[in-house]
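Structural overview
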Amino acid sequence: MTDAPVIGVLALQGDVREHLTALAAADAVARPVRRPEELAEIDGLVIPGGESTTISKLAVLFGVLEPLRERVRAGLPVYGTCAGLILLADKILDPRSGQETIGGIDMIVRRNAFGRQNESFEAAVDIKGVDGDPVEGVFIRAPWVESVGARTEVLAEHEGHIVAVRQGNALATSFHPELTGDHRVHSLFVDMVRANRAPESL
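Owing to the predicted nature of the structure, the values given are computational and were not obtained by experimental measurement.

1. So, the overall build of the chain
For the chain, the helix and strand inventory stands at six helices and 12 strands. Its C-alpha atoms give the chain a radius of gyration of 15 Å, near enough to 17 Å, the size a compact globule of 202 residues would have. Along the first, second and third principal axes, the C-alpha set of the chain runs to 45 × 40 × 35 Å. Counting contacts in the chain only where the partners sit at least 6 residues apart, residues at least 24 apart contribute 65% of the total. Element-wise, carbon and sulfur atoms account for 47% of the exposed surface of the chain, whose accessible area totals about 9000 Å². Here the chain holds 20 positive side-chain charges and 29 negative ones, and the gap between their average locations is 6 Å.

2. Looking at the UniProt feature "binding site: L-glutamine" (unreviewed entry) in the chain
Mapped onto this numbering, the UniProt entry gives "binding site: L-glutamine" (unreviewed entry) at Gly50, Glu51, Ser52, Arg111, Ile140 and Arg141. Their sequence span is 92 residues, while the largest C-alpha to C-alpha distance among them is just 12.8 Å; these annotated residues converge on one region. Along the chain, Gly50 falls in the loop between strand E3 (44–47) and helix H3 (52–61). The contact partners of Gly50, leaving out residues within four places of it in the chain, are Gln13, Gly14, Ile55 and Ala83. Inspection of the secondary structure puts Glu51 in the loop between E3 and H3. Aside from chain neighbours lying at most four places away, what touches Glu51 is Gln13, Ala83, Arg96, Arg111 and Arg141.

3. Quick notes on the pattern of salt bridges
The final tally for this structure, using the stated rule, is 13 salt bridges. A salt bridge links Glu41 to Arg31, with the shortest nitrogen-to-oxygen separation between them at 3.7 Å. With Glu41 in the loop between helix H2 (36–39) and E3 and Arg31 in strand E2 (residues 29–33), this pair connects stretches of sequence that are 10 residues apart. The exposure class assigned to Glu41 is partly exposed, which follows from its relative accessible area of 47%. Between Glu153 and Lys128 there is a salt bridge, with its nearest N and O atoms 2.7 Å apart. Highlighted residues: Glu153 in strand E10 (residues 153–158) and Lys128 in the loop between strand E7 (121–125) and strand E8 (135–139), separated in sequence by 25 residues. Residue classification places Glu153 among the partly exposed residues on the basis of a relative accessible area of 32%. In this structure Lys128 comes out as exposed when scored by relative accessible area, which is 51%. Residues participating in the shared-partner salt-bridge network are Glu66, Arg69, Arg73 and Glu100.

What counts as what
Sequence order sets the numbering: in each chain, residues are counted from 1 along the sequence as written. A pLDDT threshold of at least 70 governs which residues receive local features in this predicted model, and a stricter bar of 80 or more applies before side-chain atom pairs are shown or counted, although totals over entire chains, interfaces and linings include all residues. Excluded from the side-chain calculation are hydrogens and water; included are all heavy atoms of the structure. Comment: elements are numbered from the N terminus, with helices defined as DSSP H or I runs of at least four residues and strands as E runs of at least two. Based on C-alpha atoms, the radius of gyration is set beside the globule rule, defined as 2.2 Å times the residue count to the power 0.38. Any two residues whose heavy atoms approach within 4.5 Å at even a single point are treated as in contact. To measure how exposed things are, a 1.4 Å probe is used in the Shrake-Rupley method; for residues, cover is taken only from the protein chains shown. Charge assignment in this entry is limited to Lys and Arg as positive and Asp and Glu as negative, and neither His nor the chain termini are counted. Where a charge lies is defined by one atom per residue type: Lys uses NZ, Arg uses CZ, Asp uses CG and Glu uses CD. UniProt positions are given in the numbering used here, feature names are shortened, and annotations may be inferred rather than shown by experiment. Salt bridges are counted wherever a side-chain nitrogen of Lys or Arg sits within 4 Å of a carboxyl oxygen of Asp or Glu. Partly exposed describes any residue whose relative accessible area lies between the buried limit of under 20% and the exposed limit of over 50%, with all areas from a 1.4 Å probe on protein chains only and scaled to the type maximum.

Okay, structure coming up:
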């Protein structure tokens, strides 16, 4: 598709390949992003699950953290899953030493809130803006959102905890939709990227 948006996946650590596959299935041109100059070539960015502290430290090492902050502040559509949700938070309740965030969503998050690796689980999640049946959410050492600011919209909850949010061009989920073969959340994000591109094409 010649008009397909170009969406990067921050490829420093985590489940990059699964997101590339899901984005391609949602009619985007998907490519890994590791260097600052690659940020200039994309219409949107996915920050994958993995280990949020490791990703933040590698982002500093690769020189992409500050350029990424600047692009998010300037309105780059961005979607974070699990660790990516933590990295998009303006505040972490229990950060590890040296852990930084990109920011962009007015929320406070708690790391590993749903338990350790061996307490991982799947659950059906109703997400505002995603039509049809609930999305099957894969929760792996997942965070949850403790609270949100006035500008942040809650899209989904699980057992009374916020697990999906949106603020402007920024989307985040506690769970991993890229692991299920259901690409509706990625399609929602691709639609956000298309809408953001629309004024430029007029």
